[in-house]
Structure formats: C-alpha cells, structure tokens
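# Examination of the molecular architecture
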Amino acid sequence: MNAHSALPWQPVEGDLENLLDHFPQPLQTLARAEVPAFVLRRAYNPEHCHGLVRRFIERGLMRDPEQAVPPGSPTRVDIGTNLGGHGHDPDAFFARSAETNLFFQHLFDGYDNPIATIYETLSRLAPGKTVRTAREPDGRLYGPAIFRVHYEGHAYRPHLDHVTLREKRFDFDVTRFDHQFAGVICIQNAVACGPGPQAILHQCLWTPEVDPYIRDETFPEYVAAHDVQNCRVELEEGDLYFFNTRCIHEVPPVPGERPRVVLAVFIGYSDDDDEVFVWS
C-alpha cells in the first residue's frame with residue numbers, strides 16, 4: 001500500500017520545507033494522482049497582485065470593471081501566448097511567443113516577478129532537474145506563462161488539458177513528456193476578500209473510457225455512476241497551486257463584475273528526463 005493512500009483526497013497545503021519533508025518527490029506524487037494538488041499560501045506578495053492588476057488596467061491589457069462593458073466583449077482575455085490557441089500555426093505561435101518573452105521582461109518592473117515565483121518554486125519541487133521555459137531543439141522558445149482574465153459568467157466545463165491526449169500537438173517537443181501539470185497563481189479573486197474557488201478537481205484521470213462523457217458534456221452522469229470524488233481548490237490572492245492536468249477538472253463561473261485573474265503555466269515532466277519544461 002502506498003504510504004499516502006490512507007490520506008483523504010484533498011489538496012495538500014504547507015510551506016515548501018514542510019511539503020518536501022512529507023513528499024520528497026512531489027511531482028511524482030502528482031503524476032500518480034495520489035493528491036489532487038499542492039497549495040502554497042502567499043507564495044507571491046498579495047500587494048504586488050493588486051499593483052499588477054492596476055497596471056494591466058492602466059495599460060489597456062484588461063477592461064476596467066468599473067466601466068460599462070462594450071457590447072460583444074469577450075468573457076476571457078489572455079495576456080501572453082498559448083499553445084492551445086495558436087499551435088495550429090507553429091510559425092505564428094513561435095513569433096508570438098518571442099514577442100511575449102520580450103514583453104514580460106519589463107511588465108513587472110517595480111514588483112516581484114510572479115513568473116519567477118512559479119519557476120523557482122517548481123525547481124524546489126523537482127529536485128535534481130532543470131526547470132526551464134519550453135523550447136524546440138532549434139532554440140525557439142514557447143511563451144513562459146500566461147495571464148488569464150475571466151469576466152462575469154466565464155466558466156470551464158469538465159475537461160483535461162494535455163498536449164497529446166487532448167490537443168494532439170505532435171509537432172512540438174513538449175509532447176516528449178509523460179506527464180503534464182499546471183501551476184496557477186491567484187492574482188485577483190472574483191470576490192473582494194477571502195478565498196475564492198479556482199477549480200473543482202475530480203479523482204478521475206482521463207482515459208478513453210471517460211472521453212465520450214467529456215465530449216458529450218455528460219461527465220456528471222459518469223461521476224454519479226462511478227461515485228467519483230472531487231475537491232475544491234480555494235485560493236486567496238498570492239496563493240499558488242500545482243495539479244495534474246490529466247485529472248478531469250472544471251472551474252465555476254465568475255459570479256460578478258469583479259474579474260478573476262490568474263497567472264498560469266503548463267509543465268512537462270517525466271521521471272527519467274533531466275529537464276522540466278514550462279510553457280503557456
């Protein structure tokens with residue numbers, strides 16, 4: 001029996017030292033879905049979160065929630081480049097990624113760099129491995145991270161995120177990894193104070209058996225029939241969590257006018273690979 005099998009399937013919280021004492025190889029633990037997520041409270045300065053949101057509004061990177069919503073406005077805005085949305089055109093994707101890497105060099109001036117916070121934390125969670133922005137063998141870089149701004153009503157139905165199982169991006173080097181994780185910093189909650197829901201994680205790794213229920217949007221029926229357990233990840237601003245994106249997950253709708261803002265990355269990991277790749 002696994003040493004952690006008796007634990008309830010709930011997010012594990014703690015500082016890095018305590019977490020590593022109990023889980024010497026945290027990413028292997030996530031890969032086996034023994035725990036749904038690792039949560040690190042106040043990994044990033046909440047006051048810097050507030051400052052970054054003000055900067056995004058001042059620079060026109062996101063809508064000011066206090067102003068009228070223009071007709072037809074999207075309920076999600078990305079600040080950065082994502083493989084899922086642009087990977088169908090590799091040349092365009094890598095051109096946009098190069099611009100994103102340059103753009104992020106000065107976006108955080110005067111504040112702690114939240115992307116560095118994710119990478120540095122991930123390096124502690126992956127002892128003996130080199131954590132770096134994903135790149136192709138010819139040196140072309142992916143986007144290092146992405147800010148997602150979610151407005152009222154935006155939600156994510158039950159799904160998985162995976163470059164091979166879902167997106168089938170076989171032309172990209174990140175498909176070499178056995179496992180894919182996500183790292184997310186809460187930059188702004190949809191509620192003004194206290195924790196807010198960031199995700200519902202289901203104790204169900206994607207398999208071909210599950211796939212029809214995801215595609216047909218009947219996963220709740222699968223959950224009921226198979227007694228699938230789930231947990232909620234509740235974060236405050238500055239909190240950081242990591243989870244296995246092959247676990248079916250969903251995100252509740254934003255409840256009001258205050259947008260939910262997160263900084264997110266995907267992570268490629270294999271037990272026998274000396275590198276851990278990070279991309280958006």
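You'll find the structure just up there.
Let us look at the structure shown here. (Residues numbered from 1 in each chain as written. Predicted model: local features only at pLDDT ≥ 70, side-chain atom pairs only at ≥ 80, totals over all residues. Heavy atoms only, no water.)

### Some remarks on the overall build of the protein
Rule in force here: In this text, helices come from DSSP runs of H or I with a minimum length of four residues, and strands from runs of E with a minimum of two, each type numbered from the N-terminal end. It is over C-alpha atoms that the radius of gyration is taken, and the globule rule equals 2.2 Å times the number of residues to the power 0.38. Relative accessibility decides the category of a residue: with a 1.4 Å probe and only protein chains considered, values under 20% of the type maximum give buried, values over 50% give exposed, and everything between is partly exposed. In this description, contact between two residues means that some pair of their heavy atoms is separated by no more than 4.5 Å.
Within the protein, the secondary structure is distributed over 8 helices and 13 strands. For 280 residues, the compact-globule formula gives about 19 Å, and the C-alpha radius of gyration of the protein, at 18 Å, lands near that figure. Expressed as a percentage of the 280 residues in the protein, the buried residues total 51%. In the protein, the share of contacts with a sequence separation of at least 24, taken over all contacts with a separation of at least 6, comes to 81%.

### Some words on the sheet that holds strand S6 (residues 156-159)
For clarity, the cut-off: DSSP calls a pair of strands paired once it identifies at least 2 bridges connecting them. To obtain an axis, a line is fitted to C-alpha atoms, over the contacting stretch when the element is a helix, and the angle between two such axes runs from 0 to 180 degrees between their N-to-C directions.
Strand order in the open sheet made by the 4 strands is S6-S11-S8-S9, with antiparallel pairing throughout. Both edges of this open sheet fall to S6 and strand S9 (230-235), since each of them pairs with a single strand only. This sheet shows a mean twist of 20° between the axes of neighbouring strands, independent of strand direction. Examined bridge by bridge, strand S8 (residues 196-205) and strand S11 (residues 247-251) share 3 bridges and lie antiparallel to one another. Note on S11: the bridge partner recorded for leucine 205 is cysteine 247. In the packing of helix H8 (residues 219-226) onto the sheet, the strands contacted are S6, S8 and S11, and the crossing angle to S8 comes to about 60°.

### Remarks on the environment of cysteine 204
Looking at the element boundaries, cysteine 204 is found in strand S8. Using a relative accessible area of 8% as the deciding quantity, one classes cysteine 204 as buried. Cysteine 204 has contacts with Val210, Phe219, Tyr222, Val228, Arg246, Cys247 and Ile248, leaving out every residue within four places of it along the chain.

### Notes on the side chain of glutamine 198
Filter applied, for reference: Whenever a nitrogen or oxygen atom comes within 3.5 Å of another N or O atom, the pair is scored as a polar contact, on the condition that within protein one atom can donate a hydrogen and the other can accept it, and that pairs from neighbouring residues in sequence are kept only if both atoms are in side chains.
Summarising the element assignment, glutamine 198 is placed in strand S8. The class for glutamine 198 is buried, based on a relative accessible area of 4%. A polar contact of 2.8 Å, which involves the side chain of glutamine 198, links it to the side chain of asparagine 189. For glutamine 198, the residues in contact, after removing those within four places along its chain, are Cys186, Asn189, Val233, Leu235, Tyr241, Val251, Arg260 and Val262.

### Thoughts on a negative patch on the surface
Stated precisely, the cut-off is as follows: A patch consists of residues whose relative accessible area exceeds 30% and which take part in no salt bridge; residues with like charges are grouped when within 9 Å of each other, and nonpolar side chains (Val, Leu, Ile, Met, Phe, Trp, Tyr) when within 5 Å. Residue exposure ignores everything except the shown protein chains as possible cover, and the areas themselves are Shrake-Rupley values with a 1.4 Å probe. By definition, a salt bridge exists where a carboxyl oxygen of Asp or Glu is found within 4 Å of a side-chain nitrogen of Lys or Arg. Positive charges come from Lys and Arg, negative ones from Asp and Glu, while His and the chain ends are left out of the count. Where a charge sits is defined by one atom per residue type, namely NZ (Lys), CZ (Arg), CG (Asp) or CD (Glu).
A cluster of acidic residues, Asp178, Asp271, Asp272 and Asp274, forms a negative patch on the protein surface. Along the polypeptide, aspartate 274 turns up in the loop between strand S12 (260-269) and strand S13 (275-279).

### What about the nonpolar core?
Rule in force here: Take the buried Ala, Val, Leu, Ile, Met, Phe, Trp, Tyr and Cys residues and link them wherever side-chain atoms come within 4.5 Å; each set so joined is a nonpolar core.
Core analysis: the biggest nonpolar cluster contains 44 residues, and Leu27, Ile118, Leu122, Phe147, Ile187, Phe242 and Leu263 have the highest contact counts within it. Not counting the four nearest positions on each side in its chain, isoleucine 187 is found in contact with Cys49, Val53, Phe147, Glu237, Val261, Val262 and Leu263. Within the second largest apolar cluster, 30 residues are counted, among which are Val163, Val184, Val233 and Cys247.

### Considerations on the layout of surface pockets
Counted only if it meets this: In this analysis, the protein atoms alone were mapped onto a 1 Å grid. Cavities are point sets where a 1.4 Å probe fits without being able to get out; pockets are open sets with protein on both sides within 12 Å along at least five of seven lines; lining residues have an atom within 4 Å of a point. Grid points are joined across faces, edges and corners, and a volume is the space filled by probe spheres set on the points. Under the convention adopted here, Pro, Cys and the residues Ala, Val, Leu, Ile, Met, Phe, Trp and Tyr are nonpolar, Asp, Glu, Lys and Arg are charged, and Gly plus all remaining residues are polar.
Of the pockets and cavities examined, the largest pocket occupies roughly 820 Å³. Lining the largest pocket are 39 residues, and of these Tyr156, His159, Asp161, Arg166 and His249 sit closest to its centre. A total of 5 residues in the lining of the largest pocket trace back to one element, the largest contributor, which is S12. Per-class residue counts for the lining of the largest pocket are 20 nonpolar, 8 polar and 11 charged.

### Regarding the packing of aromatic side chains
Under the convention used in this document: Stacked, tilted and edge-to-face are the three classes assigned to paired rings of Phe, Tyr and Trp, where Trp is represented by its six-membered ring and a pair needs centres within 6.5 Å; plane angles under 30 degrees give stacked, over 60 edge-to-face, the rest tilted.
One pass over the structure, following the stated rule, counts 18 aromatic pairs. Pairing phenylalanine 94 with tyrosine 142 gives two aromatic rings, centres 5.3 Å apart and planes at 90°, and the pair type is edge-to-face. Residue phenylalanine 94 is found in helix H5 (residues 90-107), and its partner tyrosine 142 is found in the loop between strand S4 (130-133) and strand S5 (146-150); the two are separated by 48 residues along the sequence. By the burial criterion, phenylalanine 94 is buried, and tyrosine 142 matches it.

### Here's the deal with unusual backbone geometry
Most of the time, phi is negative for any residue but glycine, and the peptide bond is trans. At lysine 168, a position not held by glycine, the phi torsion is positive, near 55°. Even without being glycine, aspartate 227 reaches a positive phi, approximately 55°. Relative to the helices and strands, aspartate 227 resides in the loop between H8 and S9.

### Re the environment of glutamate 167
One can find glutamate 167 in the loop between S6 and strand S7 (179-188). Classification of glutamate 167 by relative accessible area gives partly exposed; the value is 22%. Between the C-alpha atom of glutamate 167 and that of leucine 83, which follows or precedes it by 84 residues, the distance is 9.3 Å. Those residues in contact with glutamate 167 that lie beyond four places of it in its chain are Gly84 and His162.

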